[in-house]
Every structure is written in C-alpha cells, then in structure tokens.
Amino acid sequence: MANKHFSKPPKCESVLWRTSTYRDNCKNGFCEGSWEAHHITCSHAVEGRKIEKEKKKYVEDCLWITKWDLNDSSNLIGLPKNRQYRTTDGKKPLNMCSHQVDHNTSDGYTSECKKWLKENVWNTLCDKRKKHEVTAKAIKKQLEKCTSVFKKKLETRGMRKGGTLVCWQKRFQEEYEDIWYHPFSMAKKPRKRYPGISNKNLKSIFSLIK
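As a starting point, this report considers the structure included with it. Predicted, not measured: the structure shown is a model, and the values here were computed from it. (Residues numbered from 1 in each chain as written. Predicted model: local features only at pLDDT ≥ 70, side-chain atom pairs only at ≥ 80, totals over all residues. Heavy atoms only, no water.)

1. Examining the overall build of the protein
What the protein contains, in helices and strands, is eight helices and two strands. The secondary structure elements of the protein, listed N-terminal to C-terminal, are α-β-α-α-β-α-α-α-α-α. The buried share among the 210 residues of the protein stands at 40%. Pairs at least 24 residues apart make up 76% of the contacts formed inside the protein by residues separated by at least 6 positions. (Helix = DSSP H or I, 4+ residues; strand = E, 2+ residues; numbered from the N terminus. Buried < 20%, exposed > 50% of the residue type's maximum accessible area, 1.4 Å probe, protein only. Contact = heavy atoms within 4.5 Å.)

This is the structure we're talking about:
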C-alpha cells in the first residue's frame, strides 16, 4: 500500500468476519464448563466498522491486502458464562469477566473496541494516506495491538475489587452492594446488577412460614 499506484489483488487477504468454526480455534482462557469463545478484537466492532463515506473505499482496500484473521487463536479467549459462577459458587474460574456481562451494551466492551479501532486504525490509515506510509504489515501490527490492549483490559477488569471469588462471596453484604459485580463485567464502567437472593434470607423466610 506504500505504492500510490495500488493494484487490488483478486482475493481478500484478511478474514474480518466470524466463521462457523471459530470456537474450535479457542485454546486460551477458560474453555470448560459453561463458557463461550470471545473475539478479543471484537467481531461486532470489526464487522460493524463505521467509516466516513469518502474514506471507506481506501480503508477497505487497505484491509483487503492485510493478512489478518479475526478468528485466529491469538485473538480468541474462552470466557465463562454467568451460569458457571452460579454453579460453582464463584469458585471457578478466578478473576475472569463473564462473556454475558456488559459485552454489547451501549457503553460496554464492544463500544470501547469500536472507538479504539476507529481512533487507532481506521482514522490512522487515512491520516497516512497522502504520505504513502501505509503498509499491510503496519495495519496487521495495529490490529494485533488492539488484541493486546483489550486482552490486558480483560485481565485487569477480572481482578477489580478483590476479584471474582471475593465479590461473589460478599455480594449480599451491604458494603459490596455497589461493587460486587465489577470483576464480572467486561466494560470499563460496569452496570449495576442485582445479586439475587441469599440462601440465608431464604431460610429466614421459610422459618416464618413454618
């Protein structure tokens, strides 16, 4: 792409959409019990990329020549579902966000990833266009950087407020009312969640019935 006389090859070098077999490529993270394979550079963010009309063809041409696969194992991580924490009483896994919490909310993980890609990949490509500084290698490097950045975010978020086990076991305590759900959330700003009903409270209710 450094050559201004760009010739588009007949076959697209990149894979920018989810394949039917991507789950089989997931070898990292939590891959047992109740879990789902998560695209770290988020599939919804890549597939739903919004690029200004006058820049769109150029960005798409850049992606066309870039050998990067959304479904590569390096861009996948196994994350638990909510049920996994309920069935193990928060014991397994430790300090991993739930794939079902604040993933595709309006201010959640996908939105963050979309914004990062726009600021650090799509817009950057257009900024360097006139200088002919864009290469397929550089684009791939930025997409890989997105994976690295958001993998770190997930790791850090899973340890918030003492981690998943501490927060799960203390979720009914008054001082944890507004923080217990933080390590389970994929988002920077977790949405408040209801902890359910404690067994202790249920026993009190049943004793009154008797």
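Okay, back to it.
2. Considerations on helix 6 (residues 136-157)
Here helix 6 spans 32 Å end to end across 22 residues, near enough to the 32 Å set by a 1.5 Å rise per residue. Within helix 6, the full set of buried residues consists of Ile-139, Leu-143, Cys-146, Thr-147, Phe-150, Leu-154 and Arg-157. Looking down the long axis of helix 6, one finds its buried residues gathered within 105° of arc, a one-sided arrangement. Away from the buried face of helix 6 by more than 90 degrees, exposed residues Lys-137, Lys-141 and Lys-152 are located. For helix 6, the elements touching its buried residues are strand 1 (35-39), helix 3 (53-64), strand 2 (76-80) and helix 5 (109-127). (Expected span 1.5 Å × (residues − 1). Arc of directions from axis to C-beta.)

3. Quick word on the pairing of strand 1
When you tally the buried positions in strand 1, you get four out of five residues, the bulk of the element. Taken together, the five bridges between strand 1 and strand 2 define a ladder with antiparallel strand orientation. Residue Glu-36 lies in a different strand from strand 2, and its bridge partner there is Leu-79. (Pairing = 2+ DSSP bridges.)

4. Quick word on the packing of aromatic side chains
Enumeration over the complete set of coordinates arrives at five aromatic pairs. With centroids separated by 4.9 Å and ring planes inclined at 80°, the aromatic side chains of Tyr-85 and Phe-184 adopt a geometry described as edge-to-face. Here the residue Tyr-85 occupies a position in helix 4 (residues 82-87), and Phe-184 occupies one in the loop between helix 7 (164-169) and helix 8 (199-209), the gap between them amounting to 99 residues. Classification of Phe-184 as buried rests on a relative accessible area of 6%. An angle of 70° between the planes, with centres 6.0 Å apart, marks the rings of Trp-168 and Phe-184 as edge-to-face. (Phe/Tyr/Trp six-rings, centres within 6.5 Å; stacked < 30°, edge-to-face > 60°.)

5. Re the pattern of salt bridges
Throughout the structure, instances matching the rule amount to 12 salt bridges. Between Glu-36 and Lys-81 there is a salt bridge, and its shortest N-O distance comes to 4.0 Å. Of this pair, Glu-36 sits in strand 1 while Lys-81 is found in the loop between strand 2 and helix 4, placing the two residues 45 residues apart along the sequence. Residue Glu-36 is classed as partly exposed on the basis of its relative accessible area, which comes to 26%. Ionic pairing is found between Lys-118 and Glu-52, a salt bridge with its closest N-O pair at 3.2 Å. Here Glu-52 lies in the loop between helix 2 (43-47) and helix 3 and Lys-118 lies in helix 5, a separation of 66 residues in the sequence. (Salt bridge = Lys/Arg side-chain N within 4 Å of Asp/Glu carboxyl O.)

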